[in-house]
Amino acid sequence: MKPFIGVQELRNDLRAKKYSAVELAHFYLDCISELNDSINCFITVDADRCLDRAAAADRHLAESDPQPLCGIPIAHKDLFCTAGLRTTCASNMLGSFIAPYDSTVVKQIAEAGAVTLGKTNMDEFAMGSSNETSWFGVVRNPWNLSRVPGGSSGGAAASVSSGMTPLATGSDTGGSIRQPASLCGITGLKPTYGRVSRFGMIAFASSLDQGGPLAHSASDVYELLAAMEGHDPQDSTSADIGKTVLPESDRSFVIGYPESLFDDLDKNIAACIERARQQFEALGHRIEVVELPHIDAAIAAYYVLSSAEASTNLARYDGVRYGHRTDVSEDLLDMYCRSRTEGFGLEVKRRILTGTYSLSVGYFDAYYLKAQKIRRLVRDGFLSAFESVDMILAPVTPNTAFEINSLKADPVEMYKQDLYTIPVSLAGLPALALPCGFVDDLPVGMQLIGPHFAEGEVLAGGMAFQGETDWHEHHPSLESASTS
Amino acid sequence: MDDETIERLLTLSQLSLDIEDREKIRRDLDAIIGFIEIMDQVNTEEVEPLAHAVDLDQPLRKDRAVIDFDRDVFQSIAPKTADGFYLVPKVLDQN
Amino acid sequence: MSSKWEPVVGIEVHVQLATRSKIFSSTSVEFGAEPNKRANLIDVAMPGALPVLNEEAVTMAVKFGLAIDAEIAERCVFDRKNYFYPDLPKGYQISQFESPIVGRGQLSVFREDGSVRQIGITRAHLEEDAGKSVHDRFSESTGIDLNRAGTPLLEIVTEPDMRSAAEAAACFRQIHSLVSWLGICDGNLAEGSMRCDANVSVRRVGDTSFGERTEIKNINSFRFVERALNYEIERQIDILEAGGEVVRETRHYDADRDMTLSMRSKELSDDYRYFPDPDLLPLRLSSEFLDRVRSTMPELPQQKLERFITDYSLAQSVAVRLTRDSNLASYFESTIASGADPHLAANWLLGEVAAALNREEKDYTDTPVSSAQLADLIKRIQDKTLSSTLAKEVLELIWTSDDSVDDIIERQGLRQLDDADEVRTLVERIIVDHPDQVEQIRSGATKVMGFLVGQVMKASQGKADPRQVSDLLKRMLNI
Ligand SMILES: [Mg+2]
Ligand SMILES: [Zn+2]
């Protein structure tokens, strides 16, 4: 057995009985015990039940028609509720919260036969771009342990990147799958808003949150998406459309190139994407320059809207029915206030206060409504670009993984990390982040952005690219991470 | 951002901050508000606000009642319960 | 009340809709379950739980809108109203703020005398109810029961169109009658199925602007609405006459002391930070949906009332009383369909039957006498087999048995005396037995006539027809 195996190969090996699902689970669990202390991607490892489920998978594998992901290990971001296994959202507030139910995503993936290894670290309540706001400590980038893995799905991205799991779920509100995937050199997809059920996925900003897959390649991402997606009557915002379908493999695309986005971009990163652009052309796709308006205002609008939604989504954490409650309190209000103050970290408080501010009497029109109007302009900008192109090629991050603690003191600088991912989130579009090079031994990513529900096309674009390149097959050496 | 505004936001949010955090948050909020004012540069006259990016309509659920949960399991994770009630510090009846 | 002052009242009624499940979750709304046994993932606001709107609640709101001839929004939005309170598990209530499902409409409020007053309905919107806080059960704590949390409510808001406490109570009663009629609320005030808030101010007669108002919250009976408002109107007038100012505030009606009291705000803030709930998409109602609801609408009280007046030539006031309750109205119609005379049927239903139901605290849905039985009884009055006195006796008997009206008449010998000779003999005897009274009548004291009729009826054991007796007496005494 070796790390970094893709789904297709794992499936073939399991069915050919080269190893059992139990052996495979042991392999990954060992890998976690070896690496997790230094990388800190898992908040909770569910070893016993993982092995039980692997044993059950082995029984299925003995049958004629095992499920698509039968016996393949997976790690869930710690905001997907898992019955009987704690779900913390990387917050002291939910530090010992055991949800009485499985989220739809977790349930569907289990039905597809995958075996849960544990729950991955993240920014607290998914609020962050560096995984430094977790109550359970910072996650380290497997390529360089002094660097951040990105966030908020930093644990998910680092766990795949370091080979602790072949597949991981994440969630993306303003870039939280794409940015860490990019900084950790793996492939991740933010699906169209409504493609993947939000039921049981603990909310940050409901109109933006979307669960999605992280893996080593676009084809693995597709495999996991197939298990995650689908209409869910328990989520009113879930789209009632069919499964993602890949287009014909020889289809050539018109790829939009938003040139003005590259003006302020680090030259080395721009060079990686420029090279990718040429590779697409060499593959027979056509490049067309497009304009994306209001990108700068989009970040501001995003922070207003996401904070506003978060401020009320997090009002349910009051210490009454679950979650942290303070030990001593004078009265009800004091109990609320102490429980919440003790339960939430500073970044979460900052967003709650920002959101409360923008929804308050007197500020609502200037902030919240204005932001919703900009949201429309941003979305319409994309929709008109998609009248002439099939997808858009864009950067994911303005820089490679940065030093831990380097941006922590300046929230606005930190928010600007999401400059390229946020407009896509506001527009609810699908976007695939995938590796396209290295700068100073750190991975660089790019994203392929599609029209609503065009996951099939952007995945096909990614698969075509990965068929010709091997950036996704580079893996960190992990020498300094190993503890054994 | 003045003290009164911060105090009001804290009350509305049921949060409190020690002096050090309060100063930090004040600086951050000032910076964030300065930063989001970039929105003013965009002309949004006659632009309708957009709440969801994908044009979907609200689905409706059939009116069927089911019991699919166990109160004891729910209350096993609650900080304080008795006789099936969730308990909070005594609220004095206002009337 | 000093006549210089005019009260101005508007009400807001929260109506619990009679769905099977909650507005945003599939938990049963059944009343009276053990605490928190009707509170699922969504109702306790478990992290990750999401609301899904109940179609029936929407249908019921639309029915109300159609009944008051209101604009039904083609597109409406659900908003979050944010505040902390322990019986509000999400920290916000899902309600409708900017765009309610039902817009402006008109409610016809019928007065006792049959006259009608139009009250403007500002809007009606869907929202979820909160849970309950129990303060007296635990010594150190307040208990929270979320069974009621998420029960669908239709909040109906009227214009400030009412000018007296009685009018406001009549409006509340009319809303109660309409929502019960439509079958969208069980109308059970004792279980809190309807709660009324009243906004009240007073102004000098002739003023066109409004005075400062107060809001009286959560009044749960018609009588209390009237009493609370009367108290509050007097209180405000006293303040103004003493040169003071009414303070805008929320008050509570204490029924035991029959007074309103200032209520310290239950909620933490008045800045509710309403905004569209991002968990719910805009609700669009297609014309097909509206047509479907329209096709299930019952005949409305107003329409039925007009039809009763034209078809059965009933008096307006009688028709109003018959159409106040849909069960009564349909009972009336099936009694007529079984061949009863409409006037007699109306008199009996609103008189003897109503009184009997009242004594037993029953309503028209559980009358022990079927409409067919009642029709048989009335037919026997029409064909003079029964006098009204006898008919009352028969009614009592069919109230407690399933026997037919004719069997009872036969068995108990309750047939009215139709033998003219027999009646004449009785009348002659009474004239002979009461010479003094006869003398009085002859000298002009016609009132004594009633006494003689009574004596004859008594002698006949109620079987004589009083009108026939009276005619006979007059003829025999030559008056
Ligand atoms: Mg109200
Ligand atoms: Zn209300």
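Being a predicted model, the structure only gives us computed values, none of them experimental.

Asks: Just give me the short version of the coordination of the magnesium ion (ligand 1), but keep the residues and values in it.
Replies: All names here are of chain C. At this site the magnesium ion (ligand 1) is bound by Glu12 (OE) and Glu155 (OE), with donor distances of 2.3 to 2.5 Å. In this structure, the magnesium ion (ligand 1) is positioned 4.1 Å from the zinc ion (ligand 2), and both are ligated by glutamate 155. Linking glutamate 12 in strand E1 (residues 5-16) with glutamate 155 in strand E9 (residues 152-158), this pair joins segments that are 143 residues apart in sequence. The class of glutamate 12 is buried, set by a relative accessible area of 16%.

Asks: Summarise the interface of chain A and chain B; cite the residues concerned and give the values.
Replies: Each partner contributes to the interface: chain A provides 64 residues, whereas chain B provides 49 residues. Buried area between chain A and chain B, summed over both chains or domains, comes out near 5,100 Å², and the portion from carbon and sulfur atoms is 72%. Linking chain A with chain B are two salt bridges, by the criterion used here. Close ionic contact of aspartate 55 of chain B with arginine 379 of chain A constitutes a salt bridge, the shortest N to O distance being 3.4 Å. Where chain A packs against chain B, one counts 15 residue pairs in polar contact (both at pLDDT 80 or more). When contributions to the side of chain A that touches chain B are tallied by element, the ones reaching two or more residues are helix H9 (295-313), helix H10 (332-343), helix H11 (346-359), helix H12 (365-385) and helix H13 (411-415) of chain A. No other element matches H12 of chain A, which puts twelve residues into the side of chain A that touches chain B. By residue class, the composition of the side of chain A that touches chain B is 36 nonpolar, 15 polar and 13 charged.

Asks: Help me get a handle on the packing of aromatic side chains, residues and values and all.
Replies: Tallied over the full model, the rule gives 32 aromatic pairs over all chains. With centroids separated by 6.2 Å and ring planes inclined at 20°, the aromatic side chains of tyrosine 363 of chain A and tyrosine 367 of chain A adopt a geometry described as stacked. Ring geometry for phenylalanine 85 of chain B and phenylalanine 138 of chain C: centres 5.6 Å apart, planes at 75°, overall edge-to-face. Of this pair, phenylalanine 85 of chain B sits in strand E2 (residues 85-89) while phenylalanine 138 of chain C sits in the loop between strand E7 (132-134) and strand E8 (141-145), each in a different chain. Grouping residues by exposure puts phenylalanine 85 of chain B and phenylalanine 138 of chain C together as buried. Among the aromatic residues, those joined into a cluster by ring pairs are Phe97, Phe125, Tyr317, Tyr322 and Phe344 of chain A.

Asks: How would you explain the interface of chain C and chain A if you had to name every residue and give the values?
Replies: Contact with chain C, which involves 31 residues of that partner, is made by 37 residues of chain A. Carbon and sulfur atoms make up 63% of the area that chain C and chain A hide from each other, which totals about 2,800 Å². Our enumeration of links across chain C and chain A arrives at one salt bridge. For the pair chain C and chain A, the number of links is 17 residue pairs in polar contact (both at pLDDT 80 or more).

Asks: Please provide a residue-by-residue account of the coordination of the zinc ion (ligand 2), values included.
Replies: Residue and element names in this part refer to chain C. Protein-derived coordination of the zinc ion (ligand 2) comes from His14 (NE2), Glu127 (OE) and Glu155 (OE), at a distance range of 2.0 to 2.1 Å. Ordering the donors of the zinc ion (ligand 2) by residue number gives the pattern H-x112-E-x27-E. Its relative accessible area of 12% is what places histidine 14 among the buried residues. Given a relative accessible area of 10%, glutamate 155 falls into the buried group.

Asks: So what's going on with the nonpolar core? Which residues, and what values?
Replies: Grouped together as the largest cluster of nonpolar side chains are 198 residues, with contacts concentrated most on Ile39, Phe125 and Phe382 of chain A together with Met46 of chain C. A total of twelve residues in this core trace back to one element, the largest contributor, which is H9 of chain A. Ignoring sequence-local partners within four residues, the contact set of phenylalanine 382 of chain A consists of Leu292, Ile392, Pro423, Val424, Ala427, Leu429 and Ile449 of chain A. Residues Met60, Ala165, Leu182 and Phe224 of chain C belong to the second largest nonpolar core, which totals 71 residues.

How each quantity is defined
Residues numbered from 1 in each chain as written. Chains lettered and ligands numbered in written order. Predicted model: local features only at pLDDT ≥ 70, side-chain atom pairs only at ≥ 80, totals over all residues. Heavy atoms only, no water. Donors = N, O, S within 2.8 Å, 3.2 Å for Na, K, Ca; no water. Helix = DSSP H or I, 4+ residues; strand = E, 2+ residues; numbered from the N terminus. Buried < 20%, exposed > 50% of the residue type's maximum accessible area, 1.4 Å probe, protein only. Contact = heavy atoms within 4.5 Å. Buried area = accessible area lost by both parts, 1.4 Å probe. Salt bridge = Lys/Arg side-chain N within 4 Å of Asp/Glu carboxyl O. Polar contact = N/O pair within 3.5 Å; in protein donor to acceptor, adjacent residues only side chain to side chain. Nonpolar A, V, L, I, M, F, W, Y, C, P; charged D, E, K, R; others polar. Phe/Tyr/Trp six-rings, centres within 6.5 Å; stacked < 30°, edge-to-face > 60°. Core = buried A, V, L, I, M, F, W, Y, C linked by side-chain atoms within 4.5 Å.

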